[in-house]
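Structure assessment
Listed below are the residues making up each chain.
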Amino acid sequence: MTLIARFAVDGYEVRQVDGLDADWVGLMTFAKTFTAGIIGHATTLFMAAGSQEGSRSYVATERITGHPEGGEEGSVTVQHGGLESDPATWFGHIVPGTGTGGFAGWSGPARIVHDDQGAYFEIEAGPATR
């Protein structure tokens, strides 16, 4: 099944790693609200490399808590990333074994996509049959 999970970024905080003073990497946490496909919230740990707008790369791990529309409450972890300048490199997946409640058994691809309404997850997942 393909699930479109729309979200909004509610805010972010720049983070520091003790003992790491590096201008080649940035670390942030994001708070998101999911409004369609999945109803709930997420906390995202986001790491970016590079400083030139349009050519940076990132990797992020986020824990989504809520429920698939019509499903029971639970949570699941997603990891995604890619090169800002090349959507063909964008990747993402549900981390197997991390789903609880309505997300129990979920696995499969989950990548960020953009359209005229903004960013969303395109999730090729659901109860594991793979």
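Description of the structure in this document. (Residues numbered from 1 in each chain as written. Predicted model: local features only at pLDDT ≥ 70, side-chain atom pairs only at ≥ 80, totals over all residues. Heavy atoms only, no water.)

Some details on the overall build of the chain
To be explicit about the condition: Per the convention used, a helix needs a DSSP run of H or I reaching at least four residues, while a strand needs a run of E reaching at least two, with both numbered from the N terminus. Values of the radius of gyration come from C-alpha atoms, whereas the globule rule sets the reference at 2.2 Å times the count of residues to the power 0.38. Only protein chains enter the accessibility calculation, which uses a 1.4 Å probe; a residue is then buried when its area is under 20% of its type maximum, exposed when over 50%, and partly exposed in between. Pairs of residues are marked as contacts when any of their non-hydrogen atoms sit within 4.5 Å. Counted charges follow a simple rule, with Lys and Arg positive, Asp and Glu negative, and His plus the chain ends left uncounted. Charge positions come from single atoms, namely NZ of Lys, CZ of Arg, CG of Asp or CD of Glu.
Within the chain, the regular secondary structure consists of 0 helices and 9 strands. Mapped in sequence order, the helices and strands of the chain form the string β-β-β-β-β-β-β-β-β. In summary, the chain has a C-alpha radius of gyration of 15 Å against a globular reference of 14 Å for 130 residues, a match within 12%. Each of the three principal axes of the chain carries a C-alpha extent, and together these read 45 × 30 × 30 Å. In the chain, which comprises 130 residues, the share counted as buried stands at 37%. Within the chain, residue pairs in contact and separated by at least 24 positions form 40% of the contacts whose partners lie at least 6 positions apart. Taking the 7 positively charged and 16 negatively charged side chains of the chain as two groups, their mean positions are separated by 4 Å.

A closer look at the environment of V113
Tracing the chain through its elements places V113 in strand 7 (residues 106–115). Owing to a relative accessible area of 14%, V113 belongs among the buried residues under this scheme. Along the backbone, V113 and V78 are 35 residues apart, and their C-alpha atoms lie at a distance of 14 Å. Every residue in contact with V113, bar those within four places of it in the chain, is listed here: G118, A119, Y120 and E122.

Focus: a nonpolar patch on the surface
Applied cut-off: Like charges within 9 Å and nonpolar side chains (Val, Leu, Ile, Met, Phe, Trp, Tyr) within 5 Å are joined into patches, using only residues over 30% in relative accessible area that form no salt bridge. Residue burial considers only the protein chains on display, and all accessible areas are found by Shrake-Rupley using a 1.4 Å probe. Every case where a carboxyl oxygen of Asp or Glu lies within 4 Å of a side-chain nitrogen of Lys or Arg is listed as a salt bridge.
There is a patch of nonpolar side chains on the surface, built from V17, L20 and W24 and spanning about 300 Å² of accessible area. Here W24 is to be found in the loop between strand 1 (2–15) and strand 2 (25–36).

Considering the side chain of H80
Our working rule: In the analysis that follows, any N or O atom pair within 3.5 Å is treated as a polar contact, provided that within protein one partner can donate a hydrogen and the other can accept it, and provided that, for residues neighboring in sequence, both atoms belong to side chains.
As for its position among the elements, H80 is in strand 5 (residues 74–83). Engagement of the side chain of H80 in a polar contact is seen with the side chain of E62, the distance being 2.8 Å. In this structure H80 touches K32, Y58, V59, A60, E62, F91, G92, A110, I112 and F121, once residues within four positions along its chain are discounted.

Re the pairing of strand 1
Definition in use: Strand pairing requires that DSSP identify at least two bridges connecting the strands.
The pairing of strand 1 with strand 8 (residues 118–124) spans 5 bridges and is antiparallel. Each bridged residue has a counterpart across the sheet, and for I4 the counterpart in strand 8 is E122. The pairing of strand 1 with strand 2 spans 9 bridges and is antiparallel. Paired with G11 across the two strands is A31, which belongs to strand 2.

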